[in-house]
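# Observations on the three-dimensional arrangement
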Amino acid sequence: MTTAHVVATHYVDLTGSAPEGIWFAPGRVNLIGEHTDYNDGFVLPFALEQRALVAAGSRSDDLIVMRAIDLDETVRMPISDLAPGRGGWSAYPAGVLWALREAGHRIGPITLVLSSNVPLGAGLSSSAAIECAVMAAACDLFELDISPIERAKLSQRAENEYVGAPTGLLDQAASTLCQRETGLFLDCRTLEATLVPLPLSSKGFEILVLDTHTPHSHVDGEYGERRATCEEAARLLQLPALRDIDDLEAALAKLPDERMRRRVRHVVTENERARLAFTLALQGHLEELPGLLDASHASMRDDYEITVPTVDLAVTAAKTAGALGARMTGGGFGGCIIAWCRSGDGSSIGEAVERAFAEAGFTAPAWFVAHPSEGAGRLI
Ligand code: ADP
Ligand code: MG
């Protein structure tokens, strides 16, 4: 477990003085709205309890000093060297400082000591947690007046242009804007972000997040193929994006092949489900959401064809063990599932999936019960 004490101690060891503060930003999980982002559609993530911490302070020399406690690595660079092209973990914090400077904000020499308990590479956005925590620290230390949505966009720019990963705004928006017991409904066209209540525990629910530990093979190629098919379909329909389809049946009738029709049907119905989930949550009808998760999973499995045997087994086993609804979450071909459970059932459902994986000869999964948590801020 990452603690404030650990990052503060490492900061003192590195610099000889106490940090000026400690900031945090969470990982996130997407409740619903999968492969909708690049179709100008809708997503609905919430922030996790798992988060990155950064102890930070300004420096009197001309250096940026970054330490990753979890990797036991320290990187030092003159602030004048802050340009894209560096690889490795330090590209994430350095990229945020670079994006701030590119946007015309005055930043100075800084020490950043980082640690995180967001699982790496599981699709829970450990990268955005690092970026958004550094963003929160830099904004406070350098007294930058930047709105939360602007902070998210600059953190995204760090990931896109400095790290070189072409991702949407979902991760950084969730990590920055979410609050306790809320989700974030994000319109990926207008970037309008709206908080939506998710008071799971008081309604008698909890959400299990289970990492299938499936290695992501062929994921980049498959992602590119889905994206290209969506763009081609929108072009054939003479629409800016698949989000603009009003009449699904009429649109499908105009498309040339069965596979393309299924891809389009997923995107259109998933957007409908994300919007419906948003409306139902606003009305307090959380009990209606698990059914939408089931439908989302079936659509990803049958129409978009982005699930794999481990993921399908995890969903089936979770449902058999009593989950009210379950779906794969994230880009697909592995990664995590979420299961909507009655309060107190999450652990036994996680154990049931673990047994099903053992029987099938799959690598043991990892799981935890998630609590919609607050976005980036100052801890101390
Ligand atoms: P994810 O789905 O977890 O965001 P990414 O590949 O986008 O996966 O980001 C993972 C990368 O983020 C790691 O390879 C590392 O460079 C960086 N990172 C995440 N957590 C940490 C950490 N605790 N310390 C240092 N770097 C981290
Ligand atoms: Mg990431």
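The text that follows walks through the structure, step by step, so that each part is easy to find. (Residues numbered from 1 in each chain as written. Chains lettered and ligands numbered in written order. Predicted model: local features only at pLDDT ≥ 70, side-chain atom pairs only at ≥ 80, totals over all residues. Heavy atoms only, no water.)

### Section: the pattern of salt bridges
Rule in force here: By definition, a salt bridge exists where a carboxyl oxygen of Asp or Glu is found within 4 Å of a side-chain nitrogen of Lys or Arg. Every helix listed is a DSSP run of H or I at least four residues long, and every strand listed is a run of E at least two residues long, numbered separately from the N terminus. Partly exposed describes any residue whose relative accessible area lies between the buried limit of under 20% and the exposed limit of over 50%, with all areas from a 1.4 Å probe on protein chains only and scaled to the type maximum.
On inspection of all chains with the given rule, the structure shows 24 salt bridges. Salt-bridge contacts for E232 lead to R235; the nearest nitrogen and oxygen are separated by 3.1 Å. Separated by three residues within a single helix, E232 and R235 lie in helix α6 (residues 219-236), roughly one turn from each other. On the accessibility criterion, R235 (54% relative accessible area) is exposed. Through salt bridges with shared partners, one network takes in E258, R261, R262, R263 and E305.

### A word on the site of ligand 1
As a reminder, the rule being used: Distances are taken per atom, and a residue is near a molecule or strand as soon as one of its heavy atoms is within 4 Å of it. Polar contacts here mean pairs of N or O atoms no more than 3.5 Å apart (in protein, one a potential hydrogen donor and the other a potential acceptor; neighbouring residues in sequence count only if both atoms are side-chain atoms). Here the open area of atoms and residues is found with the Shrake-Rupley method and a 1.4 Å probe, where only the protein chains shown may cover a residue. Asp, Glu, Lys and Arg are counted as charged, while Ala, Val, Leu, Ile, Met, Phe, Trp, Tyr, Cys and Pro are counted as nonpolar; the rest, among them Gly, fall into the polar class.
The full set close to ligand 1 counts 16 residues, and D70, L120, G121, S126 and S127 are the nearest of them. One of the side-chain N or O atoms of S126 is found 2.6 Å from an oxygen atom in ligand 1. Starting from 560 Å² of accessible surface for ligand 1 in isolation, the protein chains cover 78%. Here the shell around ligand 1 takes three residues from helix α3 (residues 126-141), the largest share from any one element. Classifying every residue of the shell around ligand 1 gives eight nonpolar, six polar and two charged.

### Side note on helix α10 (residues 309-320)
Heads up, the rule is: To estimate the expected span of a helix, subtract one from its residue number and multiply by 1.5 Å.
Across its 12 residues, α10 extends 16 Å between first and last C-alpha, which sits within 8% of the 16 Å expected from 1.5 Å per residue. All of the buried residues in α10 are T310, V311, A314, V315, A317 and A318. Just downstream of α10, G322 is the residue with a positive phi angle, here 115 degrees.

### Some words on helix α5 (residues 170-177)
This is how it is decided: Residue contacts are counted whenever heavy atoms from the two residues lie within 4.5 Å of one another.
Along α5, eight of the eight residues are buried, which leaves the element largely enclosed by surrounding structure. If you check which residues of α5 are buried, you get L170, D171, Q172, A173, A174, S175, T176 and L177. On its buried side, α5 packs onto β1 (21-32), β2 (42-58), α3, α4 (148-163), β6 (182-187) and β7 (193-197).

Functional significance is not addressed by these values, which are geometric in nature.
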